[in-house]
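# Descriptive analysis of the structure
Now for the letters of each chain:
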Amino acid sequence: MIADVKKAELHCHIEGAASPELVKAQAVKYGADVSSFIAGDGYVWSDFTEFLHAYDGAAALFRSEEDYAALAQSYLEGIAAENAIYAEIFVSPDHALAAGLSPETYFNGLASGIGAARASSGIECRMIVVGIRHLGAEKVEAAARIAADRPHPLITGFGMAGEERFGRVSDFARAFDIARDAGLGITIHAGELDGADSVRNALDHVRPSRIGHGVRAIEDPDLVQRLAEEGVVLEVCPGSNLALQVFPDMATHPFDRLHRAGVKVTLSSDDPPHFHSSIAHEYKLAADAWGYDAAKLTGFTRTAIEAAFVDEPTRAILLGQLA
Ligand code: HPA
Ligand code: ZN
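First things first, this report covers the structure right here in the doc. (Residues numbered from 1 in each chain as written. Chains lettered and ligands numbered in written order. Predicted model: local features only at pLDDT ≥ 70, side-chain atom pairs only at ≥ 80, totals over all residues. Heavy atoms only, no water.)

### With respect to the nonpolar core
Grouped together as the largest cluster of nonpolar side chains are 93 residues, with contacts concentrated most on Val23 and Phe158. Within the second largest apolar cluster, 12 residues are counted, among which are Tyr86, Val233, Ala304 and Ala307. (Core = buried A, V, L, I, M, F, W, Y, C linked by side-chain atoms within 4.5 Å. Buried < 20%, exposed > 50% of the residue type's maximum accessible area, 1.4 Å probe, protein only.)

### So, the site of ligand 1
Neighbouring residues of ligand 1: His13, Phe48, Phe51, Tyr55, Ala161, Gly162, His189, Asp270 and Asp271. One nitrogen or oxygen atom from the main chain of glycine 162 is found 2.9 Å from a nitrogen atom belonging to ligand 1. Summarising the interface, the protein chains cover 96% of the accessible area of ligand 1, which totals 260 Å² for the free molecule. At a threshold of 2 Å from the grid points, most atoms of ligand 1 map onto the largest cavity. Take the shell around ligand 1: its biggest share by element is three residues, from helix 2 (residues 48-59). Across the shell around ligand 1, the residue classes break down as four nonpolar, three polar and two charged. (Near = heavy atom within 4 Å. Polar contact = N/O pair within 3.5 Å; in protein donor to acceptor, adjacent residues only side chain to side chain. Areas by Shrake-Rupley, 256 points an atom, 1.4 Å probe, with all protein chains shown as cover. 1 Å grid on protein atoms, 1.4 Å probe; cavity = no way out; pocket = protein on both sides within 12 Å on 5 of 7 lines; lining within 4 Å. Sits in = over half its atoms within 2 Å of the grid points. Helix = DSSP H or I, 4+ residues; strand = E, 2+ residues; numbered from the N terminus. Nonpolar A, V, L, I, M, F, W, Y, C, P; charged D, E, K, R; others polar.)

### A short note on the coordination of the zinc ion (ligand 2)
Taken together, the protein ligands of the zinc ion (ligand 2) are His11 (NE2), His13 (NE2), His189 (NE2) and Asp270 (OD), with distances of 2.1 to 2.2 Å. The site at the zinc ion (ligand 2) holds four donor atoms, and with the angles between them running 86 to 173°, its shape is irregular. Mapping the donors of the zinc ion (ligand 2) onto the primary sequence gives the spacing H-x1-H-x175-H-x80-D. Of this pair, histidine 189 sits in strand 7 (residues 185-190) while aspartate 270 sits in the loop between strand 10 (264-267) and helix 12 (279-290), placing them 81 residues apart in sequence. With relative accessibility at 8%, the residue histidine 189 sits in the buried group. (Donors = N, O, S within 2.8 Å, 3.2 Å for Na, K, Ca; no water. Tetrahedral: all angles 85-135°; square planar, octahedral: opposite > 155°, others 65-115°.)

### A look at empty space enclosed by the protein
To find leftover empty space, one rolls a probe the size of a water molecule over the atoms. As enumerated under the stated definition, the model contains one cavity of 30 Å³ or more in all. Along the wall of the largest cavity there are 23 residues; nearest its centre are His13, Phe48, Phe51, Leu52 and Gly162. When contributions to the lining of the largest cavity are tallied by element, the ones reaching two or more residues are helix 2 and strand 5 (124-132). Looking at the lining of the largest cavity element by element, the count peaks at five residues for helix 2. Here the residues of the lining of the largest cavity sort into 10 nonpolar, eight polar and five charged. (Points joined across faces, edges and corners; volume = space filled by probe spheres on them.)

### A word on the environment of aspartate 149
Along the polypeptide, aspartate 149 turns up in the loop between helix 6 (137-148) and strand 6 (155-161). Overall, the relative accessible area of 65% leaves aspartate 149 in the exposed class.

### Some details on the sheet that holds strand 6
The strand order 1-4-5-6-7-8-9-10 describes an open sheet built from eight strands, whose pairing is parallel. At either margin of the open sheet sits one strand with a lone partner, and together these are strand 1 (7-13) and strand 10. Shown here is a sheet whose adjacent strand axes are inclined to one another by a mean of 25°, direction ignored. Where strand 9 (residues 233-236) meets strand 10, four bridges bridge the pair, whose relative direction is parallel. The residue bridging glutamate 235 from the neighbouring strand is threonine 266, located in strand 10. (Pairing = 2+ DSSP bridges. Axes fitted to C-alpha atoms, helices over the stretch in contact; angles between N-to-C directions.)

Any link to function would need more than the numbers given here.
Next comes the structure, spelled out in structure tokens:
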């Protein structure tokens, strides 16, 4: 049943989608040591700080346009094989620069991988530039300016990733103003590692149409009601929440409670190999926990397409594929 459901993924960090196998091949190519974050065929980390170390270590091994083309193509063809018809990937100019790549070369490499995957599988993809919160407001504003220059037509959104608990969200409001003024879609990580207040502050200071995670809004019934009333879409990543121990199990995960309260919810995999997940696995977690049938699951895909940062003709084609 899960395999037949058409899927859409709104929340996946492209460097976090690199399999340990691919990262080990990159390490051989560049003569690097990955033993501090890969053991055998898996990533090794035990908390968010160690996760970020593994994430940054893997990202540092993608150093050319071709490396990023191959990464995007392999990720997208992998999820297309799971019946995904649409994906948005978070792309980070700061990670490109740290690996010695210009943002332009990085975007071009990713775009050629996106084009190759589209040609082979039909999957559509757009890019969301993210600033990294724990690098500080200046870096996040620089990322916003890069995105606001509209360096590639497949870049349609701006967001903020990284450590949610770093600084105050108001410190980053200017970056989001820059991106919004440039016509980009807006999303922000909040309410995964930080509590309900982080979601409220994100709504107040950033005015996003979507929130990355947002699940800890469940701690505050008034906030849940506000999310429902304002139609803000949550990019929920249950596998990430379980791996980071935000909730102990799916029985206590708030996805279904948020949905029943009228909040628009979608399913995504965040950093799939780190969290032992994939887009199909996320749909299966939800179906197993709450008995969703194919029509219900397709409804979450429809919510995602409706909230996608994509042009209207493409949105109409994608919605048509769900009919
Ligand atoms: N959470 C926050 N920031 C991130 C993540 C994540 O899962 N992956 C890469 N940056
Ligand atoms: Zn994320």
